[in-house]
Amino acid sequence: MKYLVLGDIHNEYKLFMDAVLYAKENDLTIISVGDIVDYGPHAKSTIHLARTIAVTMDAMFIEGNHDNKIYRYLKGNDVVVSHGMVATINDLESDDTVKENFMFLYEQMKNYINIGDTYMTHAAFTSSFWDGDTDSKQAKRAYLYGEIDKNKPTVEYNGQDYPARTYDWADAVPSGKTVIVGHDRTPLTEVPAFHDEHNKVTIHDSKSGGKVVWIDTGAGKGGHITGATLSENGEFLGTVEFK
């Protein structure tokens, strides 16, 4: 069985369905690197489709930071509702079935998945991950958010403060290993380019000999969904776009 690794979906139901149909036609198992929800307009149908393929196609899901934040909201935690969450919350609050579907899906989510020498998570792997540090607080934060430099000033956008991002972790990916992540539309820049219409896959050759592939191409934010295809053994074969 080969694989289709999907970047951030962000409630873009039609594009998500296009990806699902492509996977069916090409006998591919779907792996999502997270951020199923928020920003886009179709939370209810997106969540329902995600649950459906988890059951009927053995699709696998990695937890994204937006998935985590919606989960914490549903658990009653003190969560600041950002503009990107509104459509998701409206659908969740209007129909208990949506909540049930989301909670079912969330319970299936993993921190990371690896197939052969290809490793997938939402945002980043710490440098120490490769030495066996997979469960520390630092490692789990990196899976969801990447790595930041707290000594540098934050940048305000849409009422939120965004910290400076760092990418030393990307150059620590060992020789022979490939990492596939979402989360960043404009990776390798300290300050996110909020208005950038980049929406393209970024491939980075690590200084340690590995490779990092960023596949968040702006779904829910004016872009599209990108999938990375893998062989049965996890070899990165290329990418396909759903627009």
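Above this text sits the structure in question.
Residues numbered from 1 in each chain as written. Predicted model: local features only at pLDDT ≥ 70, side-chain atom pairs only at ≥ 80, totals over all residues. Heavy atoms only, no water.

Draft legend 1. Up close: the nonpolar core. By size, the foremost hydrophobic cluster in this structure holds 35 residues, and its most contacted members are L6, F16, I30, I36, I53, F61 and I225. Elements with a contribution of two residues or more to this core: β1 (2-6), α1 (13-25), β2 (28-32), α2 (43-56), α4 (86-94), α5 (96-108) and β14 (236-242). (Core = buried A, V, L, I, M, F, W, Y, C linked by side-chain atoms within 4.5 Å. Buried < 20%, exposed > 50% of the residue type's maximum accessible area, 1.4 Å probe, protein only. Helix = DSSP H or I, 4+ residues; strand = E, 2+ residues; numbered from the N terminus.)

Draft legend 2. Representation of the packing of helix α3 (residues 65-74) against α4 within the structure. Between α3 and α4, whose axes approach to 12 Å, the crossing angle comes to 40°. By the angle between their directions, the pair α3 and α4 is classed as oblique. Where α3 crosses over α4, the handedness of that crossing is right-handed. Residues I70, Y73 and L74 of α3 touch α4, and the partners they reach there are T88, I89, L92 and E93. Taken together, the residues of the contact of α3 with α4 sort by class into five nonpolar, one polar and one charged. (Axes fitted to C-alpha atoms, helices over the stretch in contact; angles between N-to-C directions. Parallel < 35°, antiparallel > 145°, perpendicular 65-115°, else oblique. Left-handed = near helix turned anticlockwise from the far one by under 90°. Contact = heavy atoms within 4.5 Å. Nonpolar A, V, L, I, M, F, W, Y, C, P; charged D, E, K, R; others polar.)

Draft legend 3. Molecular detail of the layout of surface pockets. By volume, the largest pocket is sized at about 870 Å³. Going through the elements one at a time, α3, α6 (137-145) and β8 (160-162) are the ones with two or more residues in the lining of the largest pocket. The greatest single-element share of the lining of the largest pocket, amounting to four residues, is contributed by α3. Among the residues forming the lining of the largest pocket, the class breakdown is nine nonpolar, 10 polar and 12 charged. (1 Å grid on protein atoms, 1.4 Å probe; cavity = no way out; pocket = protein on both sides within 12 Å on 5 of 7 lines; lining within 4 Å. Points joined across faces, edges and corners; volume = space filled by probe spheres on them.)

Draft legend 4. Region of interest: the sheet that holds strand β5 (residues 118-121). Pairing is mixed across the open sheet formed by five strands, whose spatial order is β4-β5-β10-β12-β11. Taken across any chain shown, the strands that pair with only one partner, and hence form the sheet edges, are β4 (112-115) and β11 (202-205). The mean angle between the axes of side-by-side strands here comes to 15°, regardless of whether they run parallel or antiparallel. Examined bridge by bridge, β4 and β5 share four bridges and lie antiparallel to one another. (Pairing = 2+ DSSP bridges.)

Draft legend 5. Geometry of the pairing of β4. Here β4 shows one buried face, formed by I113 and I115, and one open face, formed by Y112 and N114. Taking the residues that link successive antiparallel strands as the turn, the β4-β5 hairpin has two residues, and the phi of G116 there is positive, at about 60°.

Draft legend 6. Structural detail: α4. Among all positions in α4, only T88, I89 and L92 are buried. End-on view of α4: buried residues confined to an arc of 95°, all on one side of the axis. Packing partners of the buried residues in α4 comprise α2, α3 and α5. (Arc of directions from axis to C-beta.)

Draft legend 7. Representation of empty space enclosed by the protein in the model. Counted by the stated rule, this structure contains one cavity of 30 Å³ or more. Computed from the structure, the largest cavity encloses a volume of approximately 40 Å³. Looking at the largest cavity, the residues that line it are A124, Y145, G146, E147, R165, T166, Y167, W169, H183 and D184. A per-class count over the lining of the largest cavity returns four nonpolar, three polar and three charged.

Draft legend 8. Geometry of the sheet that holds strand β3 (residues 60-61). Reading across the sheet, the five strands line up as β3-β2-β1-β13-β14 and stay open at both edges, with mixed pairing between neighbours. Across the chains shown, the open sheet's two edge strands, defined by having one partner strand only, are β3 and β14. Pairing of β1 with strand β13 (residues 225-230) involves four bridges; the strand directions are antiparallel. Paired with L4 across the bridge in β13 is T229.

Draft legend 9. Looking closely at the packing of aromatic side chains. With the rule as written, the count across this model stands at 16 aromatic pairs. Measuring from centroid to centroid gives 5.6 Å for Y112 and Y143, while their planes differ by 45°, and the two rings are tilted. Of the two residues, Y112 sits in strand β4 while Y143 sits in helix α6, which places them 31 residues apart along the sequence. Under the relative-accessibility criterion, Y143 is labelled buried at 1%. Ring geometry for F129 versus Y143: centroids 6.4 Å apart, planes at 85°, classification edge-to-face. Of the two residues, F129 is situated in the loop between β5 and α6 and Y143 in helix α6; the sequence distance between them amounts to 14 residues. Of the two residues, F129 and Y143, both sit in the buried class. Clustering of aromatic rings is evident, with ring pairs tying together Y112, Y119, F125, F129, W130 and Y143. Across from the ring centre of Y39, 4.4 Å away, lies the NZ or CZ of K221, which sits over that ring. (Phe/Tyr/Trp six-rings, centres within 6.5 Å; stacked < 30°, edge-to-face > 60°. Lys NZ or Arg CZ within 6 Å of the ring centre and 35° of its normal.)

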